[in-house]
Amino acid sequence: MDVDVRLLRYFIAVVEEGTLTRAAERLFVSQPALTKQIKQLETQLEVRLFTRSRTGMTPTEAGRILAGRVPALLADWDQVLREAKGAASRAAHLLRVGFIASAANEATPGIVGEFTRRWPGWRVDMRQATWSNPSAGLADGEVDVALLRLPFPGQDALRTALLFTEPRWVALPAGHPLAPRDVIPFRDLWNEPFVAAPPETGRWRDQWLAIDERDGHPVRIGAVTDQPDDWLSAIANGYGIALAPASAARFYARPGIIYRPVSGVSPTQVGVAWAPADDSNPIVQDFVHCCLNRPWPEGTTT
């Protein structure tokens, strides 16, 4: 019987957190999606893993036996996978760098240039991830290091260093009634439909909808997208508006869309992340140092 490793990770999160709600928040997935995955695992194993009640999720005897073995199994699998993929990239003198959208902004070419000067013969392979993979492949060992928006799923198990913060703006259709304003209070956007990331991204989606900064006001979802091009099309076509980093006005300029500063909403953070196993890896650490030593664009703070 083959069991998806992801299902085992979800299972352990529920065991450790004790409730589906807290586990879903930790995993950055929606609670209905997590419930579906746990049921799928129980179906595959043909055993009941939890006793469900109003107070939470209690492992059954079968669940306790599985919980006692799974963490070591996952740790071994992660290590083997990371070592195998890392060995392949080192043999090719290739550093795999994941990123989300614009990530490090205009500084990226300078970071790559400085790294290649330090390591002649090495190549940096920049790999853009979808919003449904907010660790940009780092959590799965698909990349060696990543430039990311913080926080992201699995961040506690990885190393991160803050690079800079930048304001959040709003992307609007050019004909939107609020477009003539120079600065838009976030409260004035609460009743607008928003273009959102997929529900399974959990807290990542909530962050870009600023759920915690609405005083409990419900969110209207006008469209769901997972790629910058689809996101831009949804906004331009009038399906909704969206919060975005201030740098999006430079990186994602498009006819039919305007960007405006927003007051009353917190900024976004950009960081560099890597695996603890690479704390002593000179290739990865030199890339991190190149990131930390770069000047950042105007309008950002370190």
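Above: the structure in question.
Residues numbered from 1 in each chain as written. Predicted model: local features only at pLDDT ≥ 70, side-chain atom pairs only at ≥ 80, totals over all residues. Heavy atoms only, no water.

Quick notes on the nonpolar core
One finds Ile100, Val170, Phe186, Leu189, Trp231, Leu243 and Tyr259 to be the most contacted residues of the largest nonpolar core, which totals 47 residues. Excluding residues within four positions of it along the chain, Ile100 makes contact with Ala129, Thr130, Trp131, Asn133, Pro134, Ala136, Leu147, Leu148 and Trp204. Formed by 22 residues, the second largest nonpolar core is a distinct cluster that contains Leu147, Ala161, Ile283 and Val284. (Core = buried A, V, L, I, M, F, W, Y, C linked by side-chain atoms within 4.5 Å. Buried < 20%, exposed > 50% of the residue type's maximum accessible area, 1.4 Å probe, protein only. Contact = heavy atoms within 4.5 Å.)

Structural notes on the pairing of strand 13 (residues 268-274)
Most of strand 13 sits out of view: six of its seven residues are buried. Of the pairings in the sheet, the one linking strand 5 (residues 145-150) to strand 13 comprises six bridges and is antiparallel in character. Looking at strand 13, one finds that Arg149 is bridged to Val270. (Helix = DSSP H or I, 4+ residues; strand = E, 2+ residues; numbered from the N terminus. Pairing = 2+ DSSP bridges.)

Considering the sheet that holds strand 13
Taken in spatial order, the five strands make up an open sheet running 4-3-5-13-6, and their pairing is mixed. Sheet topology places strand 4 (123-129) and strand 6 (159-166) at the edges, where each strand pairs with a single neighbour. Direction aside, neighbouring strands of the sheet carry axes that sit 25 degrees apart on average. On the sheet, helix 5 (residues 108-118) packs against strand 3 (94-100) and strand 4 and is oriented at approximately 150 degrees with respect to strand 4. Relative to the sheet, helix 9 (residues 282-292) contacts strand 3, strand 5, strand 6 and strand 13, its axis offset from that of strand 13 by approximately 160 degrees. (Axes fitted to C-alpha atoms, helices over the stretch in contact; angles between N-to-C directions.)

A closer look at unusual backbone geometry
Cis geometry is found at the peptide bond from Leu150 to Pro151, where omega equals -5 degrees. One non-glycine residue, Asp215, lies in the positive phi region at around 55 degrees. Relative to the helices and strands, Asp215 is located in the loop between helix 6 (203-209) and strand 10 (220-224). Classification of Asp215 as exposed rests on a relative accessible area of 66%.

Quick look at the environment of Leu292
If you trace the backbone, Leu292 turns up in helix 9. Judged by its relative accessible area of 41%, Leu292 falls in the partly exposed class. Residues Leu292 and Phe164 lie 128 residues apart in sequence; the distance between their C-alpha atoms is 9.4 Å.

Digging into the pattern of salt bridges
Applying the stated criterion to the full structure yields 14 salt bridges. Salt-bridge contacts for Asp279 lead to Arg159; the nearest nitrogen and oxygen are separated by 2.8 Å. Linking Asp279 in the loop between strand 13 and helix 9 with Arg159 in strand 6, this pair joins segments that are 120 residues apart in sequence. The residue Arg187 makes a salt bridge to Asp215 at a minimum N-O spacing of 3.4 Å. Pair noted here: Arg187 is in the loop between strand 8 (184-185) and strand 9 (193-196) and Asp215 is in the loop between helix 6 and strand 10, with a separation of 28 residues, a long-range link. Here the salt bridges share partners, and the residues they tie into one network are Glu114, Arg117, Arg118 and Asp286. (Salt bridge = Lys/Arg side-chain N within 4 Å of Asp/Glu carboxyl O.)

Some words on the packing of aromatic side chains
In the structure shown here, the tally under the stated rule is five aromatic pairs. Arranged with centres 5.9 Å apart and planes meeting at 70 degrees, the rings of Phe115 and Phe287 form a pair that is edge-to-face. Here Phe115 is found in helix 5, whereas its partner Phe287 is found in helix 9, with 172 residues between them in sequence. Neither Phe115 nor Phe287 differs from the other in exposure class; each is buried. Aromatic pair Trp119 and Trp122: ring centres 6.3 Å apart, planes at 70 degrees, arrangement edge-to-face. Positioned over the ring face of Trp208 is Arg168, at 5.7 Å from the centre of the ring. (Phe/Tyr/Trp six-rings, centres within 6.5 Å; stacked < 30°, edge-to-face > 60°. Lys NZ or Arg CZ within 6 Å of the ring centre and 35° of its normal.)

Details of the packing of helix 5 against helix 9
Packing of helix 5 against helix 9 brings their axes to within 9 Å, and their N-to-C directions diverge by 140 degrees. For the element pair helix 5 / helix 9, the angle class is oblique. Every pair of crossing elements has a handedness; the one defined by helix 5 and helix 9 is right-handed. Between helix 5 and helix 9, the contacting residues are Ile111, Glu114, Phe115 and Arg118 on the first element and Ile283, Asp286, Phe287, His289, Cys290 and Cys291 on the second. Class assignment for the residues of the contact of helix 5 with helix 9 results in six nonpolar, one polar and three charged. (Parallel < 35°, antiparallel > 145°, perpendicular 65-115°, else oblique. Left-handed = near helix turned anticlockwise from the far one by under 90°. Nonpolar A, V, L, I, M, F, W, Y, C, P; charged D, E, K, R; others polar.)

Quick word on the environment of Pro245
Relative to the assigned elements, Pro245 resides in strand 11 (residues 242-245). Taking C-alpha positions, Pro245 is 5.9 Å from Trp169, a pair spaced 76 residues apart along the chain. If near-sequence neighbours (up to four positions away) are discounted, Pro245 is found in contact with Arg149, Glu166, Pro167, Trp208 and Thr268.

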